[in-house]
Every structure is written in C-alpha cells, then in structure tokens.
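Chain and residue survey
What follows is each chain in one-letter form.
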Amino acid sequence: MAETFATPCAETALGAQGAHPILSVRQIEKVYGSRDSITHAINDISFDVMPGEFVGIMGPSGSGKTTLLNCVATIDTATSGHILVDGRDITTLRSRALARFRRDDLGFIFQDSNLLDTLTGFENIALALTIKGERTSSVRAKVEQVAAVLGVSEVLGKYPRQMSGGQRQRVAAARAMVTDPKLVLADEPTGSLDSRSASVMLDTLSMMNKRLGATIMMVTHDSFAASFANRILFIKDGAVFNEVLKGGLSRAEFFNRIMEVVTFLGGDVRDAC
Ligand SMILES: Nc1ncnc2c1ncn2[C@@H]1O[C@H](COP(=O)(O)OP(=O)(O)O)[C@@H](O)[C@H]1O
Ligand SMILES: [Mg+2]
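Conventions and cut-offs
- Here the residue index of a chain counts from 1 through its sequence in written order.
- As a convention, the first chain written is A and the first ligand written is 1, with the rest following in written order.
- Given that the model is predicted, a residue must reach a pLDDT of at least 70 before its local features are reported, and side-chain atom pairs must reach 80 or more before they are shown or counted; all residues, however, enter totals for whole chains, interfaces and linings.
- As a convention, hydrogens and water are excluded, and side-chain values are obtained from all of the structure's heavy atoms.
- Axis definition: a line fit to C-alpha positions, over the contact stretch in the case of helices; interaxial angles, taken between N-to-C directions, run 0 to 180 degrees.
- Strands are runs of DSSP state E lasting at least 2 residues, helices are runs of H or I lasting at least 4, and numbering of each runs from the N terminus.
- With respect to orientation, any angle under 35 degrees is reported as roughly parallel, any angle over 145 as roughly antiparallel, any angle of 65 to 115 as roughly perpendicular, and every other angle as oblique.
- Crossing handedness is read from the near helix: turned anticlockwise from the far helix by less than a right angle, it gives a left-handed crossing, and turned clockwise, a right-handed one.
- Here, two residues are considered to be in contact whenever any of their heavy atoms come within 4.5 Å of each other.
- Pairing between strands is defined by DSSP: at least two bridges between the two strands are required.
- Any pair of nitrogen or oxygen atoms within 3.5 Å is treated as a polar contact; in protein, a donor-acceptor pairing is required on top of that, and neighbouring residues in sequence qualify only through side-chain atoms on both sides.
- Exposure categories follow from relative accessible area, calculated using a 1.4 Å probe and restricted to protein chains: below 20% of the type maximum is buried, above 50% is exposed, and the middle band is partly exposed.
- One heavy atom within 4 Å of a molecule or strand is enough for the residue carrying it to be called near that molecule or strand.
- Surface accessibility follows the Shrake-Rupley procedure with a 1.4 Å probe radius. Residue values consider only the protein chains on display as shielding.

1. So, the packing of helix α4 (residues 121-131) against helix α6 (residues 165-177)
- Axis separation between α4 and α6 bottoms out at 7 Å; the angle between their running directions is 25 degrees. One way to sum up the angle between α4 and α6 is to call them roughly parallel. Like other packed secondary-structure pairs, α4 and α6 cross with a definite hand, here right-handed. Side by side, α4 and α6 meet where G121, N124 and I125 of the first sit next to V171, A174 and R175 of the second.

Right, dumping it as structure tokens:
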C-alpha cells in the first residue's frame, strides 16, 4: 500500500480531504551524464496530485519540466526518489509491468494529434481498448460514450485527413480518455499550435478535466495555457519554488495571478511568460 507522506501540497489540493493522491512525487532527483559533463536536471522535487486536479507545471526552458514529466510517464527513470501512482511505486516496476502501467493507467496528449492516418476516428480511439483485449461490444460502447462527451460522434467514421484540426485534437483526447486512465500527461500541448488551435486544445483539456473527471498534469511555459489548470507548480533549476492555486478565481484572474508571479520572478524566468 501507499506510504503516506505529509506535504504542504497535499493540504492545498481541491478539498479532497481523506482522499489519497493519484500521484505522489517524492524527492525525485535526475542526473544526466557522468564525470566531466553532469547535468542536474532535477534536484529535489516532491508534490502530490489529488484525483480530479488539473495541475500545470511551469518554468523556464531547461528547468526540468520535461524530465519530470518523462519520469512520471516512465519514459525516463529518476536517479533517486520515488513516484507513486494511486499508491503504487512505479520507480520499481520491471518492463512488463511498466508496459501495462503505461497502457492501463496513463493517457498522453501530444502537441500534434498523432492519430494514425489509415484508421478512422473510431478505430483510432478504439485501438487502446482492442490492444487490451476488450470485447467488441464494450469497445463500441466506451468509444461512443467518450466521443459524445467530447463532441466528435459525427467524425467517428472519418479518417484524420477528413477532419478539421480541432476535431483531430478532440479525437486524440478521446483516445487518451477511453481507457479511463488514472493520470493524463501533456507536455507543452500548445507548443507548436497557432492561437486558435491552442484554444481548442486547452478547451479540450478543460472538458476532459471537468466533464470526464480526468486528473491532468500539463507541462507548459505559457501563462495562457497554464491558466486553464487549477494549480500551478513553478519549477526553477530542477526544484519547485512556488505554487499558485486558482481557488475561486476566474480564469482571467488566475491568468493575471500567474503573470504576476512570472513577472515578480523576472530575470531568468522571463521566458516562462
Ligand atoms: N537526455 C539528456 N541528456 C543530458 N542532459 C539532458 C537530457 N535531457 C535533458 N537534459 C538537460 O536537463 C535539463 C532539463 O531539461 P528539460 O527537462 O528538457 O527542461 P524543460 O522541459 O524545462 O525545458 C536541461 O539542462 C537539459 O539540457
Ligand atoms: Mg520541455
């Protein structure tokens, strides 16, 4: 079972008192290289994410955001420390268990929708369930349900090239959600998008969080994107140095609050805006 760790973050999360964290990051350290060229990508990071939270990770380029996300995604391994997902320590899993963990417990949102061109919307969304060996009738029901919530029912029979950019993003979101993952991970999901596509992406993430109850961890250096989250952890030099909660603020007010922090921090974190 989960070890319990008392942290300030655990108390600030979404009023879920008594609930246990979906994600617990405990004293993660990540060192790249050896001897002559050592990079401390992450020094000592600890935080919790409670069920139903939408957490933004912000920080300047090179601050360790992607490294942190990749460690949670088990794409990379931490040099020391522990990461618990729903109480299970994923830093000790072996390859088969890791593959199962990624398949069953995680959802990924990429910058580009990353849909397979030769599969229809339905087939793209269904793929993760098919791989798990789910029965055809249950696959159909799950795909149709998540597609309805995300507003892509009418494009299930279309191929990605026949969809608009926004529809492709929402189909990709449906694909990430259909397995009912414990945690959805997104690294700079708006990074290479024009402002209209970025808004669609952020609205989709918001919908996943509010209507499908997804717990989301999103890495971004963009204050506008961050303002869609409920809580922001600011990372600098591989460590958490600030936390901002949305609380009762409107999105616009939260955006201003984030900008204040980014401006206050100034100097070498300017590119966090
Ligand atoms: N595979 C790697 N090998 C060596 N250094 C790396 C590697 N990946 C990242 N780094 C270094 O770790 C630090 C954090 O990188 P990263 O997590 O990508 O930052 P961010 O996503 O915040 O821009 C940077 O100094 C980067 O150069
Ligand atoms: Mg990055």
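Alright, that's what it looks like, and here's the rest.
2. Some words on the sheet that holds strand β5 (residues 88-89)
- Read across the sheet, four strands follow the order β2-β1-β4-β5 without closing on themselves; strand pairing throughout is antiparallel. Looking along the sheet, the strands with just one partner apiece sit at the ends: β2 (39-49) and β5.

3. A word on the side chain of E53
- One can find E53 in the loop between β2 and β3 (54-58).
- Separated by 2.8 Å, the side chains of E53 and R231 make a polar contact.

4. Here's the deal with the environment of A99
- Tracing the chain through its elements places A99 in helix α3 (residues 95-105).
- For A99, a relative accessible area of 40% translates into the label partly exposed.
- As for A99 and G87, which are separated by twelve residues in sequence, their C-alpha atoms are 18 Å apart.

5. Comments concerning the site of ligand 1
- Near ligand 1, the surroundings consist of Y32, T39, A41, P60, S61, G62, S63, G64, K65, T66 and T67.
- One nitrogen or oxygen atom from the main chain of G64 is found 3.1 Å from an oxygen atom belonging to ligand 1.
- Residue T67 places a side-chain N or O atom 2.5 Å away from an oxygen atom belonging to ligand 1.
- The fraction of the free accessible surface of ligand 1 (560 Å²) that becomes covered by protein chains is 58%.
- Of all the secondary structure elements, the ones that give two or more residues to the shell around ligand 1 are β2 and α2 (65-72).

6. A few points about the sheet that holds strand β6 (residues 106-109)
- Taken in spatial order, the six strands line up as β6-β7-β8-β3-β9-β10 in an open sheet, and their pairing is mixed. Two strands lie at the open edges of the sheet, namely β6 and β10 (239-245), each paired on one side alone. The sheet shows a mean angle of 20 degrees between the axes of neighbouring strands, taken without regard to direction.
- In terms of strand pairing, strand β9 (residues 231-236) meets β10 through six bridges, oriented antiparallel. From the neighbouring strand, F234 faces β10, where its bridge partner is N242.
- Contacts between α3 and the sheet are confined to β6 and β7 (183-187), with β6 contributing the most and set at about 70 degrees to the helix.
- Where α6 meets the sheet, it contacts β6 and β7, and its direction lies at approximately 165 degrees from that of β6.

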